[in-house]
Amino acid sequence: MSEIRRQSILSSLFMYVGIAIGFVNITILFPVVLSSAQYGFTRWLLMIGSTLGLFAQLGIPSITYKFFPYFKDKDLKHNGYLSMALLLPLVGIGLACLVVFFFQDFIISKYSKPETLDILIQYYWLLIPLTLFVVYYNILNAYSTSLMRASVPIFFRDVFVRLATLVILLLHYWKIIDFHGFIWAYTLIFGLQSIGLVIYLKSIGELQFNFDFRKIRSMKMELVKYGAYALFSGGAAYVVSNIDGLMVSSLAAGQLQDLGIYSVFFFLGTVIMVPSKAITSISLPVIAEGWKNNDLGRIGDVYKKTAITQLVIGFFLFILIWSNIDNFIALLAWMGRPDYSAGKYVALYVGLAKLFDGATGINGGIIVTSKYYRFDLFFVVGLIGLSVLTNYWFIPIYGILGASIATAFTAFIYNLGKFLFVKNRFDLQPFSKETLLTIVVGLVVLGINYVLPALDNFMLDVIYRSAILGILYLVAVFYLRLSPDLNNALTQVLKRFKQ
């Protein structure tokens, strides 16, 4: 088995194990073990710390992915690349610390709820170590991945962090540690993943330090230009993905309490797009190769196939989640958290936003791999402005529901803009008759959900409802051949069972 294939298999395994652990943590343990304000603070801390970290790393991870092959030479200790990659962000970390220090009063002034203020004031300074941990994990992750050792960083990110979080949640639940111990342990987990990567790189002989930067200086203008673009593009993209949560924490009536509730149901809404990450990862190299060969036909074919596959899978997961949303709320109430029922329709609007995102395919991937890649930054900056305006408008009126409406609206405008750009520039579009058929099938199955009788036991109701709706949807998808790729994959699986 080739090393690349082995790394791909391990990476996929770690990602799916991590998703399973994350689902348990976010939908069950966090709501039950912590108060909604305490859980909201963990989200706030991670969002702010990660945002600061993305800017403080000065685009080094993106530079690494693109340019490390030019420096890769084990005999020369990779021409000092790792030394540069670890030293240069100290400037960014220093600036991030200054932001944390000088903006403390401004940030704290945005909050007024007593429980929110108590937590923020007591643990505000954890932003500094968390920012440091985020920066160095991202850099070491990019370095390890560029060495074709992607599975170990993914293990630490998707399995280790979530499994360690599960452990400290249980320790807090069993009253072995209090919330003070929990939040410190939660922060240090992100440092341990970086230490784990350092130990791993040392064990394979790739912790290579060299302070001869001559080759790096010879390419400094290319590195600086690309790094600047990556810094603002990546940072802006992360801000977009978290701006609704940050604005909920300051604008909604419950502040961190509302953020905790919002985070749980936002996660449910985003689950439907988990498979698209794998689809995008597989498709991007094919699209890049298509641009290299000027093969628009190939790019268009991938565009349509990924769009219909994402829509079919996304609608299936959307049906399962939305048809059982009341059962999920009943589970939380049974576990003593009836207040989480306020987040029900967050899952609906966020789910619809992600469904439309999937239906429009990898339009963003087509743009960023083309000669017009800089336009992606314009789309992201425009999205930030639209997100701020819509959240600022809707949250004070509708609370966390307003944030989800703003998310759905901005996602629609954002994807519509990218769709029109790709259509206008390259005359490519992702839709087909199968797109319409998938929507019709999905809506019919969702309609059947409302005529199924509800069972008194919500756990049994989940099983029977999911089985009926899932089978109906899958049979229709297979019979109508809505996604040839999925049909082929399912046919191969069935053949193996028959052998």
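Since the model is a prediction, treat every value here as computed from it, not as a measurement.

The rules behind the values
- Residues numbered from 1 in each chain as written.
- Predicted model: local features only at pLDDT ≥ 70, side-chain atom pairs only at ≥ 80, totals over all residues.
- Heavy atoms only, no water.
- Helix = DSSP H or I, 4+ residues; strand = E, 2+ residues; numbered from the N terminus.
- Areas by Shrake-Rupley, 256 points an atom, 1.4 Å probe, with all protein chains shown as cover.
- Lys, Arg positive; Asp, Glu negative; His and termini not counted.
- Charge placed at Lys NZ, Arg CZ, Asp CG, Glu CD.
- Axes fitted to C-alpha atoms, helices over the stretch in contact; angles between N-to-C directions.
- Parallel < 35°, antiparallel > 145°, perpendicular 65-115°, else oblique.
- Left-handed = near helix turned anticlockwise from the far one by under 90°.
- Contact = heavy atoms within 4.5 Å.
- Nonpolar A, V, L, I, M, F, W, Y, C, P; charged D, E, K, R; others polar.
- Core = buried A, V, L, I, M, F, W, Y, C linked by side-chain atoms within 4.5 Å.
- Buried < 20%, exposed > 50% of the residue type's maximum accessible area, 1.4 Å probe, protein only.
- 1 Å grid on protein atoms, 1.4 Å probe; cavity = no way out; pocket = protein on both sides within 12 Å on 5 of 7 lines; lining within 4 Å.
- Points joined across faces, edges and corners; volume = space filled by probe spheres on them.
- Salt bridge = Lys/Arg side-chain N within 4 Å of Asp/Glu carboxyl O.
- Patch = residues over 30% accessible without salt bridge, like charges linked within 9 Å, V, L, I, M, F, W, Y side chains within 5 Å.
- Phe/Tyr/Trp six-rings, centres within 6.5 Å; stacked < 30°, edge-to-face > 60°.

K.L.:
It is not clear to me how the overall build of the chain should be interpreted in this structure. Could you clarify?
P.N.:
Looking only at helices and strands, the chain features 23 helices and 0 strands. In terms of its C-alpha atoms, the chain occupies a principal-axis envelope of roughly 70 × 60 × 50 Å. Carbon and sulfur atoms form 69% of the exposed surface of the chain, whose accessible area is close to 23,700 Å². If you average the places of the 38 positive and of the 25 negative side-chain charges in the chain, the two averages end up 7 Å apart.

K.L.:
Help me understand the packing of helix 3 (residues 60–71) against helix 8 (residues 127–146), please; the structure alone is not making it clear to me.
P.N.:
When two helices pack together, you describe them by how their axes are tilted relative to each other and by the distance separating the axes. Contact geometry of helix 3 with helix 8 gives a least axis separation of 8 Å together with a crossing angle of 10°. With respect to each other, helix 3 and helix 8 are oriented roughly parallel. Every pair of crossing elements has a handedness; the one defined by helix 3 and helix 8 is right-handed. Mapping the contact onto sequence places Ile60, Pro61, Thr64, Tyr65 and Phe68 in helix 3 and Asn138, Ile139, Asn141, Ala142, Tyr143, Thr145 and Ser146 in helix 8. Split by residue class, the contact of helix 3 with helix 8 holds 7 nonpolar, 5 polar and no charged.

K.L.:
How do you make sense of the nonpolar core when you look at a structure like this?
P.N.:
Side chains that are nonpolar tend, in soluble globular proteins, to be buried together. Formed by 116 residues in total, the largest nonpolar core has its most connected members in Phe41, Trp44 and Phe265. Ranked by size, the runner-up nonpolar core spans 20 residues in total, among them Trp291, Tyr303, Ile362 and Ile367.

K.L.:
Explain the layout of surface pockets here, please?
P.N.:
To locate leftover empty space, one rolls a probe as large as a water molecule over the atoms. The calculated volume of the second largest pocket comes to roughly 610 Å³. What lines the second largest pocket is a set of 20 residues, among which Ile48, Phe106, Ile107, Tyr111 and Leu246 lie closest to the centre. Broken down by secondary-structure element, the contributors of at least two residues to the lining of the second largest pocket are helix 2 (36–56), helix 5 (89–102), helix 6 (104–108) and helix 12 (220–251). Ranked by the residues each element gives to the lining of the second largest pocket, the list is headed by helix 12, at 6 residues. Counted by class, the lining of the second largest pocket contains 17 nonpolar, 2 polar and 1 charged residues.

K.L.:
Even after reading the chapter, I still don't get the pattern of salt bridges, so can you show me in this structure?
P.N.:
As a working rule, side chains carrying opposite charge can pair if their charged atoms are close by. Tallying each qualifying case throughout the model produces 8 salt bridges. Each of Arg298, Asp301 and Lys305 takes part in salt bridges that share partners, so that together they form one network.

K.L.:
Is there a simple way to think about empty space enclosed by the protein in this case?
P.N.:
Counted under the stated rule, the structure contains 1 cavity of 30 Å³ or more. Within this model, the largest cavity holds a volume of roughly 40 Å³. Forming the boundary of the largest cavity are Leu268, Gly269, Ile272, Phe318, Ile321, Trp322, Ala347, Leu348 and Gly351. Residue assignment for the lining of the largest cavity shows that the elements contributing at least two residues are helix 13 (256–270), helix 15 (296–323) and helix 17 (344–359). Each residue belonging to the lining of the largest cavity can be placed in one class, and the counts come to 7 nonpolar, 2 polar and no charged.

K.L.:
It is not clear to me how unusual backbone geometry should be interpreted in this structure. Could you clarify?
P.N.:
Keep in mind that most residues, glycine aside, have a negative phi and that most peptide bonds are trans. Here the phi dihedral of Asp427 falls at roughly 55°; this positive angle occurs in a residue that is not glycine. By the element assignment, Asp427 lies in the loop between helix 20 (400–426) and helix 21 (433–449). The phi dihedral of Arg481 falls on the positive side, at around 50°, and the residue is not glycine. Mapping Arg481 onto the fold places it in the loop between helix 22 (458–480) and helix 23 (484–498). By relative accessible area, Arg481 is classed as partly exposed at 44%.

K.L.:
When you look at the environment of Ile108 in this model, what are you seeing that I'm missing?
P.N.:
Here Ile108 shows up in helix 6. Given the relative accessible area of 15%, Ile108 is considered buried. Between the C-alpha atom of Ile108 and that of Tyr124, which follows or precedes it by 16 residues, the distance is 8.9 Å. Apart from the residues within four sequence positions on either side, Ile108 is in contact with Leu117, Leu120, Ile121 and Tyr124.

K.L.:
Can you walk me through a nonpolar patch on the surface in this structure?
P.N.:
Taken together, the side chains of Leu88, Val91, Leu95, Leu98, Val99, Phe101, Phe102, Phe103, Phe106 and Trp125 define a hydrophobic patch exposed on the protein surface, amounting to about 1,000 Å² of accessible area. The biggest single contributor to the nonpolar patch is helix 5, with 6 residues. Assignment of secondary structure puts Leu95 in helix 5.

K.L.:
It is not clear to me how the packing of aromatic side chains should be interpreted in this structure. Could you clarify?
P.N.:
We describe a pair of aromatic rings using the distance from one ring centre to the other and the angle between the two ring planes. Scanning all chains against the criterion turns up 33 aromatic pairs. Consider the rings of Phe179 and Phe182, whose centres lie 6.1 Å apart with planes at 25°: the pair is stacked. Of this pair, Phe179 and Phe182 both sit in helix 10 (residues 179–203), 3 residues apart, which is roughly one turn of the helix. An identical accessibility class is assigned to Phe179 and Phe182; each is buried.

K.L.:
Is there a simple way to think about the environment of Gly227 in this case?
P.N.:
As for its placement among the helices and strands, Gly227 is situated in helix 12. With 163 residues separating them along the chain, Gly227 and Thr64 place their C-alpha atoms 9.4 Å apart. Excluding residues within four positions of it along the chain, Gly227 makes contact with Leu58, Gly59 and Ile63.

K.L.:
Explanation requested: the packing of helix 8 against helix 9 (residues 151–173) in the structure shown.
P.N.:
Interaxial distance between helix 8 and helix 9 falls to 8 Å at its minimum, and their mutual angle equals 145°. Residues Tyr137, Asn141, Ser144 and Thr145 of helix 8 touch helix 9, and the partners they reach there are Pro153, Ile154 and Arg157. Taken together, the residues of the contact of helix 8 with helix 9 break down into 3 nonpolar, 3 polar and 1 charged.

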